[in-house]
Amino acid sequence: MTWVFLAIALFFALSFEFVNGFHDTANAVATVIYTQSLKPMVAVVWSGLWNLIGVLTSTGAVAYAIVALLPVELVLNVGSSAGFAMVFALLISAIIWNLGTWYLGLPASSSHTLIGSIMGVGIANSLLTGHAFGSGVNWAKAGEVGLSLLVSPLLGFMWAGLLLLLLKILLEKRLPALFAEPVKGEPPPWWIRLVLIGTCTGVSYYHGSNDGQKGMGLIVLILVGVLPGMYALKMDETPEHIHALVTEAQAARTVFEKKAGAATITPEKAGEELSAYIKTSGTLRDETWAALATTCQTIEKELGAIHNFTELPDAARRTTRTDIYLVGTSIAKLDKGKKFDSDTKEAMLAFQTSLDGVTKYIPQWVTYAVALALGLGTTVGWKRIVVTVGEKIGKTHLTYAQGACAELVAMITIKLADTRGWPVSTTHVLSSGIAGTMAANRSGLQAQTLRNILLAWVLTLPVCIFLGSILFAFGNYVVLNVLGLK
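Residues numbered from 1 in each chain as written. Predicted model: local features only at pLDDT ≥ 70, side-chain atom pairs only at ≥ 80, totals over all residues. Heavy atoms only, no water.

*Asks:* Give a detailed account of unusual backbone geometry, specifying residues and quantitative values.
*Replies:* Of note in the backbone geometry, Gln36 takes a positive phi value of approximately 60° without being a glycine. With respect to the helices and strands, Gln36 occurs in the loop between helix H1 (2–34) and helix H2 (40–56). Residue classification places Gln36 among the partly exposed residues on the basis of a relative accessible area of 25%. Positive phi, close to 55°, is recorded for Lys338, a residue that is not glycine. On the secondary structure map, Lys338 appears in the loop between helix H14 (314–336) and helix H15 (342–359). (Helix = DSSP H or I, 4+ residues; strand = E, 2+ residues; numbered from the N terminus. Buried < 20%, exposed > 50% of the residue type's maximum accessible area, 1.4 Å probe, protein only.)

*Asks:* Break down the packing of helix H5 (residues 81–103) against helix H9 (residues 214–226) for me, with residues and values.
*Replies:* Between H5 and H9, the shortest axis-to-axis distance is 10 Å and the interhelical angle comes to 155°. Compared by their axis directions, H5 and H9 come out roughly antiparallel. Note on packing geometry: the crossing formed by H5 with H9 is left-handed. Counting all contacts with H5, which are made through Phe84, Met86, Val87, Leu90 and Leu91, the residues of H9 involved are Leu218, Leu221, Ile222 and Val226. Here the contact of H5 with H9 is built from residues that sort into nine nonpolar, no polar and no charged. (Axes fitted to C-alpha atoms, helices over the stretch in contact; angles between N-to-C directions. Parallel < 35°, antiparallel > 145°, perpendicular 65-115°, else oblique. Left-handed = near helix turned anticlockwise from the far one by under 90°. Contact = heavy atoms within 4.5 Å. Nonpolar A, V, L, I, M, F, W, Y, C, P; charged D, E, K, R; others polar.)

*Asks:* So what's going on with the side chain of Thr35? Which residues, and what values?
*Replies:* Looking at the element boundaries, Thr35 is found in the loop between H1 and H2. A polar atom in the side chain of Thr35 sits 2.9 Å from the side chain of Ser37. (Polar contact = N/O pair within 3.5 Å; in protein donor to acceptor, adjacent residues only side chain to side chain.)

*Asks:* Give me the lowdown on the packing of H14 against H15, citing residues and values where you can.
*Replies:* For the pair H14 and H15, the least separation of the axes is 9 Å and the interaxial angle reads 145°. The crossing of H14 and H15 is left-handed. Here H14 contributes Arg321, Ile324, Val327, Gly328, Ile331, Ala332 and Asp335 to the contact with H15, which in turn contributes Lys345, Met348, Leu349, Phe351, Gln352, Leu355, Val358 and Thr359. A per-class count over the contact of H14 with H15 returns nine nonpolar, three polar and three charged.

*Asks:* If you had to explain the packing of aromatic side chains to someone new, which residues and values would you point to?
*Replies:* Counted under the stated rule, the structure contains seven aromatic pairs. Their ring planes at 35° and their centres at 6.0 Å tell us that Phe256 and Trp289 sit as a pair that is tilted. Taken together, the residues span a long stretch of sequence, with Phe256 in helix H11 (residues 239–260) and Trp289 in helix H13 (residues 286–304) at a distance of 33 residues. The ring of Tyr277 carries Lys333 above its face, with NZ or CZ at 4.6 Å from the centroid. (Phe/Tyr/Trp six-rings, centres within 6.5 Å; stacked < 30°, edge-to-face > 60°. Lys NZ or Arg CZ within 6 Å of the ring centre and 35° of its normal.)

Given below as structure tokens:
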């Protein structure tokens, strides 16, 4: 049964990335195909290659920004019935909405889709477990991610429009061919092709480095839940790093004990205290500092007697991961709330980085699988989105300069988001960039297309929240009552 669940869960996770290729990766090749700078299949293969490179060189920060949105209790117990139901619910609801908007040729956001599904799961989980409505949603992280998804298309619209105006002032008289519409059946001059291939390459690379990560974090979460003995910890971690973790845990425990004062807590209660604290509604108490000290002591004992994670029994690997996750996440929240003194902050953040290094990792085969799924999805579904981007946003057809400006701005925006670990939508940035160039060029905008795109943007979150919550409740019932799993 374990392997059946793993196979099904991985199928849905990779299917999400495959469908993501319909939307977001198709945007990366839209201008280069529409302007006939590259033949469609050549463009798709080229884009897929640079998506792969982007995924392989990514930090994983975006992957775990998505995981941070999930309810704490489900992340810690992802191998439970509720954990399985969570994974299936958010992936299936995201796939349903992505397929629907792709069929209509609307460049909707896979980021919005996945985040809406996660919020739906969190809301349903809070209701099913008797907690306050919405307590299962990390609203602080959701607000941060939501802000990045809201601001990025606005920046795309403004920057792309301003860049086109600048190019017109500097180059329109010297290079009029750059501002012409593509001629059907004829590729542009070689130098324009190089420009557009270059911008396509950049968008593909940065798309892989950002969007490609969104499914990776979920796949790792699935692996941890189903096969904790193999994936709960980074099994190839060096003895030196493990020893350093023990030393850092000892130093951190001293700091936490001073903060705790007279408060004490048992190891059994420490996990409950930290789980409550890292929720959005969690408050800092003396018992929280005591729980951190106790958990650090547990980490010292768990890791102090080993040189390699393979020496830990399978069950201990899961509990060690839980302890490390709770301490690392708590330190991050404490730092955000400015609870550390200036003389201890640097050491605490270094400790957090060391902790994250053994739990927040992406196996290499997962990156290759995600990159392959993205590339295959692009080969199947690019046509609908390319036509929308090229002909249906503005009242005139897309010019070479407009395509280059929109893609250049998309590259920069995604790169800036990568540095902060923010998931942004390639779809939103690029399509809004196209609209910005049309507005700057006074080409006019097709009101019906814009209404449809805006409607898809506005509806994505509420629809996916609804789908995620309904599917989670249904999935939890099926896994618990029909299949008899706990």
